[in-house]
Amino acid sequence: MINDPINGSSVLSDRHICFVGAGSMAEALFRGLIGRGFIAAERISVVNRNNHERLQQLQQTYGVTTAEGQAEKDRFVREADIVVLAMKPKDAGGAIAELSSLLTDKQLIVSVIAGLSTATIQSLLGGSYNIIRTMPNTSSTIGLGATGVSFSSGVSTDEREMGLALFNAVGSAVVVEESLLEIVTGVSGSGPAYIYYMMEAMMEAGVRGGLTAETARELTIQTVIGAAEMVRVTGEDPAELRRKVTSPNGATQAAIAVLDDHQFSTGVIKSVHRSAERSQEMGAEIAEKYAQQAGKQGSGQ
């Protein structure tokens, strides 16, 4: 069940949040938080490894605080109530390990890194921390994201509310067991790409049939928006809505038959499961890579 938005302003307004990583997901989150009045911009700090121009852009656009040097970066992390791990997966292992000397068990750690388990994050940090692991999607950048959220055992009720407020600021959050976050990745994390792929094909078909590219695009976009809203507003099962527009021996039935001939449903299901598998593989790769690096350092190589 999708959680109803909570009063994010009351649970986050007096907190300090530090985003470690300044990519599109971090930007989506603090833009939503600031835009909805959940927290003042000056209570948000953003740090990254070396892209100073990116930090300047974010500071000028949103009014967030950005770090000028390593000492300031470290201070922002140490002083934050909530630390959001938003670095690229390829950098995650080393970057998280570097934070271990700066963090305390009084801080709440929120991860948006695909595939990286709570156990691995704990291992990289070398201690026991309160961690919220999440899987948002790119629609968060326009406030329509879908995010799976899981909590480590020590996360308090207040911390749960703070974590949910973060993601309700950019869409809807669903609480799941951590073991289900990989399938969440397959369904909603990667999900926008499946819809875009379908839209590409619909537009191409329209153009091949004689429509202008602009007309095919407009019709496709509105069709996808309308279909999603029908499911949401009516509360009906998509299968039932499909049946209602599929008249016997009609044009839609003919089209669905072609999709069935090409195993459309089977392909989508397999794609979702493969995305979930790949997410798990990526997390394992991060853990293995860091373990190898740590091993070499320990042996003096």
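Coordinates for the structure precede this section.
Since the structure is predicted, the reported quantities are computational estimates derived from the model, not experimental observations.

J.: Residues and numbers for the overall build of the protein chain, please.
T.: Regarding its fold elements, the protein chain presents 13 helices and eight strands. Seen along its three principal axes, the alpha-carbon backbone of the protein chain occupies a region of about 70 × 45 × 40 Å. Across the 301 residues that make up the protein chain, the buried fraction comes to 40%. Looking at the protein chain alone, contacts between residues at least 24 apart form 66% of all its contacts between residues at least 6 apart. For the protein chain, the computed accessible surface area is about 16400 Å², with 53% contributed by carbon and sulfur atoms. Charge centroids of the protein chain, computed over 25 positive and 33 negative side chains, lie 3 Å from each other.

J.: Account for the packing of aromatic side chains, with residues named and values stated.
T.: For the structure shown, the criterion picks out two aromatic pairs. One aromatic cluster is present, built from ring pairs that chain together F19, F30 and Y62.

J.: Any chance you could break down the nonpolar core for me, citing the residues and the numbers?
T.: Proteins that are soluble and globular tend to have nonpolar side chains buried together. Ranked by size, the top nonpolar core spans 36 residues in total, and within it L12, I17, F19, F30, L33, V46 and I82 carry the most contacts. Setting aside anything within four residues of it in sequence, one finds L33 in contact with L12, I17, F19, F38, I39, A165, L166 and A169. Membership of the second largest hydrophobic core comes to 25 residues, among which are V77, I109, L124 and I286.

J.: How would you sum up the packing of helix α5 (residues 89-99) against helix α6 (residues 118-125)? Please name residues and give values.
T.: How two helices sit against one another is set out by the angle between their axes and by the gap between those axes. Packing of α5 against α6 brings their axes to within 7 Å, and their N-to-C directions diverge by 55 degrees. Comparing the axis directions of α5 and α6 gives the class oblique. In contact with G93, I96, A97 and L99 of α5, α6 contributes I121, L124 and L125. The residue inventory of the contact of α5 with α6, partitioned by class, reads six nonpolar, one polar and no charged.

J.: Mind laying out helix α9 (residues 191-208), listing which residues take part and the relevant values?
T.: With 18 residues, α9 ought to run about 26 Å at 1.5 Å a step, and its terminal C-alpha atoms sit 26 Å apart, in line with that. For α9, the set of buried residues is G191, P192, M199, M203 and G206. Buried residues of α9, viewed axially, fall in a sector of 100 degrees; they line one side. Turned more than 90 degrees away from the buried face of α9, the exposed residues are Y197, E200 and R208. At the C-terminal side of α9, G210 shows a positive phi close to 115 degrees.

J.: Lay out the layout of surface pockets with the relevant residues and their values.
T.: Of the pockets and cavities examined, the second largest pocket occupies roughly 1000 Å³. Lining the second largest pocket are 41 residues, with V20, G21, A86, M87 and K88 positioned closest to its centre. Of all the elements in the fold, those that place two or more residues in the lining of the second largest pocket are α2 (24-35), α4 (70-79), α5, α8 (181-189) and α13 (264-298). The dominant element in the lining of the second largest pocket, judged by the number of residues it contributes, is α5, at six residues.

What counts as what
Residues numbered from 1 in each chain as written. Predicted model: local features only at pLDDT ≥ 70, side-chain atom pairs only at ≥ 80, totals over all residues. Heavy atoms only, no water. Helix = DSSP H or I, 4+ residues; strand = E, 2+ residues; numbered from the N terminus. Buried < 20%, exposed > 50% of the residue type's maximum accessible area, 1.4 Å probe, protein only. Contact = heavy atoms within 4.5 Å. Areas by Shrake-Rupley, 256 points an atom, 1.4 Å probe, with all protein chains shown as cover. Lys, Arg positive; Asp, Glu negative; His and termini not counted. Charge placed at Lys NZ, Arg CZ, Asp CG, Glu CD. Phe/Tyr/Trp six-rings, centres within 6.5 Å; stacked < 30°, edge-to-face > 60°. Core = buried A, V, L, I, M, F, W, Y, C linked by side-chain atoms within 4.5 Å. Axes fitted to C-alpha atoms, helices over the stretch in contact; angles between N-to-C directions. Parallel < 35°, antiparallel > 145°, perpendicular 65-115°, else oblique. Nonpolar A, V, L, I, M, F, W, Y, C, P; charged D, E, K, R; others polar. Expected span 1.5 Å × (residues − 1). Arc of directions from axis to C-beta. 1 Å grid on protein atoms, 1.4 Å probe; cavity = no way out; pocket = protein on both sides within 12 Å on 5 of 7 lines; lining within 4 Å. Points joined across faces, edges and corners; volume = space filled by probe spheres on them.

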